[in-house]
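Take a look at the letters that make up each chain.
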Amino acid sequence: MPCPDVYSDASRPSEPDAGSAEHRRSQLAANLTVVRDRIQRACERVGRDPGEVSLVGVTKTFPASDVRLLAGLGVRDIGENRHQEAEAKAAACADLDLTWHFVGQLQVNKARAVVRYASVIHSVDRLRLVTALGRAATDLERSVRCLVQVDLAGETGRGGVGPAEAVEMADVVSVTPGLELAGVMAVAPLGVPPGPAFARLAEVAAAVRARHAEATWISAGMSGDLEAAVEHGATHVRVGRRLLGERPSNR
Ligand SMILES: *Cc1c(COP(=O)(O)O)cnc(C)c1O
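The chain is annotated in an unreviewed UniProt entry as Pyridoxal phosphate homeostasis protein from Actinopolymorpha pittospori. What the UniProt record of the chain gives under Function (unreviewed entry) is the line "Pyridoxal 5'-phosphate (PLP)-binding protein, which is involved in PLP homeostasis." One UniProt comment on the chain, placed under Sequence similarities (unreviewed entry), says "Belongs to the pyridoxal phosphate-binding protein YggS/PROSC family."

(A) Focus on unusual backbone geometry. A positive phi is found at Thr-61, a non-glycine position, where the angle reads about 75°. Residues other than glycine seldom take positive phi values, yet Glu-141 does so here, at roughly 55°. Look at Glu-141 and you get exposed, because its relative accessible area is 75%.

(B) Inspection of the environment of Leu-133 at higher detail. Mapped onto the elements, Leu-133 comes out in helix 5 (residues 127-139). Spatially, the C-alpha atom of Leu-133 lies 20 Å from that of Thr-216, the residues being 83 residues apart in sequence. Beyond its immediate stretch of four places on either side in the chain, Leu-133 contacts Leu-106, Ala-111, Val-115, Ile-121, Val-124, Cys-146 and Leu-179.

(C) The site of the ligand, seen in detail. Of all residues adjacent to the ligand, which total 13 residues, the nearest are Lys-60, Ser-223, Gly-240, Arg-241 and Arg-247. Arg-247 is positioned with one of its side-chain polar atoms (N or O) 2.6 Å from an oxygen atom of the ligand. Taking 390 Å² as the accessible area of the ligand by itself, protein coverage stands at 92%. One can see that the ligand is located within the largest pocket.

Rules and cut-offs
- Residues numbered from 1 in each chain as written.
- Predicted model: local features only at pLDDT ≥ 70, side-chain atom pairs only at ≥ 80, totals over all residues.
- Heavy atoms only, no water.
- UniProt positions renumbered as here; feature names shortened; annotations may be inferred.
- Buried < 20%, exposed > 50% of the residue type's maximum accessible area, 1.4 Å probe, protein only.
- Helix = DSSP H or I, 4+ residues; strand = E, 2+ residues; numbered from the N terminus.
- Contact = heavy atoms within 4.5 Å.
- Near = heavy atom within 4 Å.
- Polar contact = N/O pair within 3.5 Å; in protein donor to acceptor, adjacent residues only side chain to side chain.
- Areas by Shrake-Rupley, 256 points an atom, 1.4 Å probe, with all protein chains shown as cover.
- 1 Å grid on protein atoms, 1.4 Å probe; cavity = no way out; pocket = protein on both sides within 12 Å on 5 of 7 lines; lining within 4 Å.
- Sits in = over half its atoms within 2 Å of the grid points.

If you want it as structure tokens, here you go:
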């Protein structure tokens, strides 16, 4: 019987045996080839070097064993969007040389705990969060890369500051000890073509970069829209489903 490429919560193996681990490895390898190919072709269309685009594997809802397999395939940037799940996986993979990216909305009271394992926070969108992250990073003697999340849709609840506020937020991050301003991040609005939104993000990124030359990162593009993001200058694409498979719930 073929292995399902979608695991339900109940059937997802927590400790895969050698056979299913090998099957999963080849599945992830095949998915990775497709995703890397998509990035490369998008780069070719706009004359970019694929080496400028980093792939962040978003492993939310998938087990630490998948993180381990991805690491073996060369994906060492790992994204998660919920603290407890991320913390457990980071602990389970502590022997691997990984960079953990926190990509979800982050509560101020979780900032300190997240800074213990994450070196990049993609979702910086409130001054109180900047303060909390800076304090945690300083106390823990860590340096945390921060991306200002830009709300391109005016959608409440998905996080992000308006394009007009992004430069101001970047200014604050840049002078906060413990934090390194890396750039901007966005999620494309649902239900409309992503190109115009990513073009807008590129403008915001340029405005930030005009004041902070070091802020070169543009985190944009997911499984469904990574081409449009790459065509508009994304330096980091965050890919979950097309790498790991469909998720059981809408996360
Ligand atoms: C889940 C998630 C992703 C990955 O989305 P896919 O559609 O599975 O590729 C990227 N960014 C954020 C912020 C996410 O929450």
